[in-house]
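Survey of secondary and tertiary structure
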Amino acid sequence: MATTPSQFIPGRGKRIAAIKDVVYEYANLMAAAHYSLHGSAPWRTNCDDAFLLGCRKLDEFLMRVKRSVKHGQELDDILAVDYLPTNATRPWDLPIWIAEWRGPMNKQLAHIAYSRDKEWNHLIWVPQLEPEFNKAWWDFREAIVNDAYNQEFDNQLIACQAKPGFGNIVLQRRSER
C-alpha cells in the first residue's frame with residue numbers, strides 16, 4: 001500500500017527568506033548567458049555549463065508544481081507556486097527549453113556518455129533560451145500578488161545588481177529597460 005508523502009509547507013517567513021536564493025539563481029543565469037556570449041575562451045565554456053545548470057534550476061523552480069519526495073518526505077524545494085495565490089494559473093512557459101534541452105541537458109552536464117547526441121552551441125542556444133527564461137521570470141514576477149513578496153524580490157534584485165560581476169547584467173523588469 002502506497003503512503004502519502006509527509007508534506008513540506010513553508011511559512012511566510014521561510015518564503016521571504018528564500019527569495020534571496022531564488023533571485024541569486026535568476027541573476028546567475030542572466031550573468032552566465034551574458035558571459036557565455038561575451039566572454040573569452042576558455043572561461044566562456046564554464047559560463048556555458050553555468051548557463052545550462054541555471055536553466056535546469058530555474059526550470060524546476062518555475063515549472064514544478066510539486067516538491068521532490070525522498071523517503072516519504074517532501075523535500076524543501078523552493079517553487080514558484082509558493083509565491084502565488086492558491087490555484088493560480090501559471091502564465092509562463094519554457095517551450096524551447098522543454099522541447100530542446102530539458103532531457104538532453106542531463107547528459108550534457110552530468111555525464112560523459114556515448115549517448116550525448118545533442119551538440120551544445122552557445123551561439124545558437126543562448127540567444128534563444130536567455131530571453132525565454134527572462135520572460136518566464138518576469139511573467140512569474142507579475143503573477144505575484146503579495147506585496148511583501150514583491151518588495152523582497154525587488155530588494156534582493158537591487159542587492160544582487162550591486163554585487164561585483166553583475167553591474168553590466170540587465171536584471172530589472174522588462175518595462176524598466
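Rules of the game
Residues numbered from 1 in each chain as written. Predicted model: local features only at pLDDT ≥ 70, side-chain atom pairs only at ≥ 80, totals over all residues. Heavy atoms only, no water. Helix = DSSP H or I, 4+ residues; strand = E, 2+ residues; numbered from the N terminus. Buried < 20%, exposed > 50% of the residue type's maximum accessible area, 1.4 Å probe, protein only. Contact = heavy atoms within 4.5 Å.

Let's shift gears to the environment of Leu-157. Considering the arrangement of structural elements, one finds Leu-157 in helix α6 (residues 147-161). The exposure class of Leu-157 is buried, given its relative accessible area of 8%. Counting along the chain gives 29 residues from Leu-157 to Gln-128, while the straight-line C-alpha distance between them is 23 Å. In contact with Leu-157, not counting residues within four places along its chain, are Val-23, Tyr-26, Trp-138, Arg-141, Leu-171 and Gln-172.

Let us look at unusual backbone geometry. Note that the residue after Ala-41, namely Pro-42, is joined by a cis bond; omega there is 5°. Take Pro-42: it is sitting in the loop between α1 (12-38) and α2 (43-63). A positive phi is found at His-71, a non-glycine position, where the angle reads about 55°. Structurally, the position occupied by His-71 is in the loop between β1 (69-70) and β2 (73-74). Backbone geometry at Asn-87 places phi at a positive 65°, although glycine is not the residue there. Tracing the backbone through its elements, the reader meets Asn-87 in the loop between β2 and α3 (95-101). On the basis of relative accessibility, which here comes to 76%, the residue Asn-87 falls in the exposed class.

Read these as spatial facts, not as claims about activity.
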